[in-house]
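# Close look at the chain arrangement
If you want the building blocks of each chain, they are given just below.
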Amino acid sequence: MVFTLVFITYSCSDDDDEIVIPTIESNTTSANVVKTYTSIAISGNVTDNGGETISARGVAWATTPNPTVSDNKTEELSNNFTSEITDLSPNTQYYFRVYATNSAGTVYGTERSFSTLSLAGTTWVYSINAVTSSGNPTGWIAEITFNADGTSFYTEPDSPGVFDYNGTWDLNGSNISVVVDITGSWFPVFNGTISGNNMSGTWEFNGSQTWTAIPK
């Protein structure tokens, strides 16, 4: 009887100390997701540590379904977190799962899928810098509309109808190139990158000049 009592007591103690995988929730939905042209923010919450300290938590993401920490991941310090995932490509679908890890293993939350913003159909305001042939700095404001078929339209609001050009645009990852005038009568090609909700880059006129742009 003494042996049986000791065995039962020991077994109960083991059950009480059992470590299981954590419990985690994904809090980001299509209604509250925050995204730009190159970033998406995903929130999660570890609601139960499974009986042991959480060693890692964050967001796993990929361009294919069911991402794991072996694909891409963020690492957060708090059990209630929001990860801003940057350096994404515009107009691209990504898959996300929040995760948490303890000694029992890694658990993933509900998969979410969101696309970064698309340039198609948007107009951007360009601040264009230049230096004249005499070495004097100058600059002006232009607007470029990005059509869904890959064509673009350039205009200068301060001179409506005077400097209007039809061109093309191309996007490779976050790198963008705009041929301002497809007729070749005006030569600028604006090359640059998109980061968040901003663009910046260079163009050639009396050497390499700079430009920046924001959505209108």
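None of these values were measured; they are calculated from a predicted model.

## What about the nonpolar core?
Judged by nonpolar contacts, the single largest core of 22 residues is most densely connected at Leu 119, Tyr 126, Phe 146, Tyr 154, Phe 190 and Met 199. Of all elements in the fold, only strand 10 (122-131), strand 11 (137-146), strand 13 (165-172), strand 14 (175-179), strand 15 (189-195), strand 16 (198-204) and strand 17 (208-215) reach the threshold of two or more residues within this core. Looking at this core, the element that brings in the most residues is strand 10, giving 4 residues. Excluding anything up to four places from it in sequence, Phe 190 contacts Tyr 126, Ile 128, Ile 144, Tyr 154, Ile 176, Ser 177, Val 178, Val 180, Thr 202, Trp 203 and Trp 211. Ile 40, Val 46, Ile 85 and Phe 114 belong to the second-largest nonpolar core, a separate cluster that totals 17 residues.

## Comments concerning the environment of Gly 105
Checked against the element boundaries, Gly 105 lands in strand 8 (residues 105-108). We classify Gly 105 as partly exposed; its relative accessible area is 22%. With 85 residues separating them in the primary sequence, Gly 105 and Val 20 have C-alpha atoms 7.9 Å apart. Gly 105 has contacts with Ile 21, Pro 22 and Ala 100, leaving out every residue within four places of it along the chain.

## Points about the confidence of the model for the protein
On average, residues of the protein carry a pLDDT of 92, and 92% of them reach 70 or more. Taken together, the stretch residues 1-14 has pLDDT below 50 and engages in 0 contacts with residues farther than four places along the chain or on a different chain.

## Focus: the pairing of strand 13
Sheet topology note: the strand 12 (residues 151-155)/strand 13 ladder contains 4 bridges and is antiparallel. By the bridge assignment, Tyr 154 is partnered in strand 13 with Tyr 165. As paired strands, strand 13 and strand 14 are joined by 5 bridges and run antiparallel to one another. Pairing of Asn 172 across the sheet is with Asn 175, part of strand 14. Taking the residues that link successive antiparallel strands as the turn, the strand 13-strand 14 hairpin has 2 residues, and the phi of Gly 173 there is positive, at about 65°.

The rules behind the values
- Residues take numbers from 1 onward in each chain, read along the sequence in its written order.
- Since the coordinates come from a predicted model, pLDDT governs what is reported: local features require at least 70, and pairs of side-chain atoms require 80 or more to be given and counted, while whole-chain, interface and lining totals use all residues.
- The side-chain quantities take in all heavy atoms of the structure and omit both hydrogens and water.
- Residues belong to a common nonpolar core when they are buried Ala, Val, Leu, Ile, Met, Phe, Trp, Tyr or Cys residues joined through side-chain atoms within 4.5 Å.
- Buried residues are those whose accessible area, probed at 1.4 Å on protein chains only, stays under 20% of the maximum for their type, while exposed residues exceed 50% and partly exposed ones sit between those limits.
- Helix numbering and strand numbering both begin at the N terminus, where a helix is a DSSP run of H or I of at least 4 residues and a strand a DSSP run of E of at least 2.
- Only heavy atoms matter for contacts: two residues are in contact if any of them lie within 4.5 Å across the pair.
- You can read pLDDT as the predictor saying how much it trusts each residue, on a scale of 0 to 100.
- For two strands to pair, DSSP has to find at least two bridges joining them.

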